[in-house]
Amino acid sequence: MTSALDRVEALLDPGRLGREPDRSHGYLDVLGPDSAKPTGLSNALMHNPALAAVYEKAWRPAFTRLFSIGGSGTLSRTDVLLEELTGRGEQKVLDVACGPGLYTKPLARKLRGEGVVVGLDVSEAMLQRAVRDNTDDRVAYVRGSALEVPFPDDTFDTVVCLAALYLIPAPRLAVREICRVAKPGGRVALFTSLQTPLTSVLGSSTAERVSGFRWFGKDEITGWLRDYGLVDVQQTVSGQGQFVTARKPQ
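Residues numbered from 1 in each chain as written. Predicted model: local features only at pLDDT ≥ 70, side-chain atom pairs only at ≥ 80, totals over all residues. Heavy atoms only, no water.

Observations concerning the overall build of the chain
- The number of helices and strands found in the chain is nine helices and eight strands.
- Sorting the 250 residues of the chain into buried and exposed places 50% on the buried side.
- Pairs at least 24 residues apart make up 66% of the contacts formed inside the chain by residues separated by at least 6 positions. (Helix = DSSP H or I, 4+ residues; strand = E, 2+ residues; numbered from the N terminus. Buried < 20%, exposed > 50% of the residue type's maximum accessible area, 1.4 Å probe, protein only. Contact = heavy atoms within 4.5 Å.)

Things to note about the sheet that holds strand β8 (residues 241–247)
- Pairing within the open sheet is mixed, and its eight strands lie in the order β1-β4-β3-β2-β5-β6-β8-β7. The open sheet has two edge strands with one neighbour each: β1 (28–29) and β7 (231–238).
- In the sheet, β1 pairs with strand β4 (residues 139–143) via two bridges, with the strands oriented parallel. Each bridged residue has a counterpart across the sheet, and for D29 the counterpart in β4 is R143.
- Lying over the sheet, helix α1 (residues 4–11) contacts β1, β2 (92–96), β3 (116–121) and β4, oriented at roughly 50° with respect to β4.
- The strands that helix α6 (residues 171–181) touches are β2, β5 (156–162) and β6 (182–193); relative to β6, the one it contacts most, it runs at about 150°. (Pairing = 2+ DSSP bridges. Axes fitted to C-alpha atoms, helices over the stretch in contact; angles between N-to-C directions.)

Points about the nonpolar core
- Core analysis: the largest hydrophobic core is formed by 66 residues, its most contacted members being L94, F151, V159, C161 and L225.
- Excluding its chain neighbours within four sequence positions, the residues that come into contact with L94 are V118, L120, V149, F151, F156, T158, V159, V160 and V181. (Core = buried A, V, L, I, M, F, W, Y, C linked by side-chain atoms within 4.5 Å.)

Some points on the packing of aromatic side chains
- One pass over the full model with this rule turns up three aromatic pairs.
- Seen in terms of ring centroids, F191 and F243 are 4.5 Å apart; in terms of plane orientation they differ by 25°. Their pairing is stacked. With F191 in strand β6 and F243 in strand β8, this pair connects stretches of sequence that are 52 residues apart. Of the two residues examined, F191 and F243, each falls in the buried class.
- On the basis of an interplanar angle of 85° and a centroid distance of 5.9 Å, the ring pair of F216 and W224 is categorised as edge-to-face.
- The class of F216 is buried, set by a relative accessible area of 0%. (Phe/Tyr/Trp six-rings, centres within 6.5 Å; stacked < 30°, edge-to-face > 60°.)

A closer look at unusual backbone geometry
- Of note in the backbone geometry, D154 takes a positive phi value of approximately 60° without being a glycine.
- With respect to the element layout, D154 can be found in the loop between β4 and β5.
- Phi angles above zero are rare outside glycine, and D232 is one such case at about 50°.
- Among the secondary structure elements, D232 is positioned in strand β7.
- Residue classification places D232 among the partly exposed residues on the basis of a relative accessible area of 47%.

In structure tokens, the structure reads:
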């Protein structure tokens, strides 16, 4: 069986690459040196090696718990969703804005044969941590943009973006790309923020301007998925967060 990195490199769309793939750091880097610069305080933090070092065990669980106002409901629902989304057999799975691979590696645990999970992120710091802490025979990482996913149409059986869409500039474009690379019949799953009366009280519009963090309207994400042709769109609200799943029609 070929390596996961080799299998993923074979999947790349040459017309969507900013450079020849560089694998010298243990992941495939297809972005030029000046690509995907941080666009706000929150986004800049994701490029910080110090945050990458504590992200998996401290930052992301604590941050995700805030969506449940200090509870564990959001984390519990994430675990359930991961179990539902875990690839089987020889499926191909894409984890968009994967960070240090906190969700990427678990998505590969039931794969067999040529099955593979791809973690995609723009942050070198996060990907270096992913390669160090969350590798597997069926996991490979790619440094690339969620706004121009470097894979052809209809490539992946499952595409996820968990706890990241609210930091991505032009999130609607990212959702379009997520839908584009899903196979007909494939699944899409998103976990992101949700604007509520509480977020309004906390001054969400000011926070968005300063940090680059975004709260999404209740029908915003679901509407985008439907606009891009997905069906069976379902939304589960958890505090200030939302889990949204959908399917690309055959």
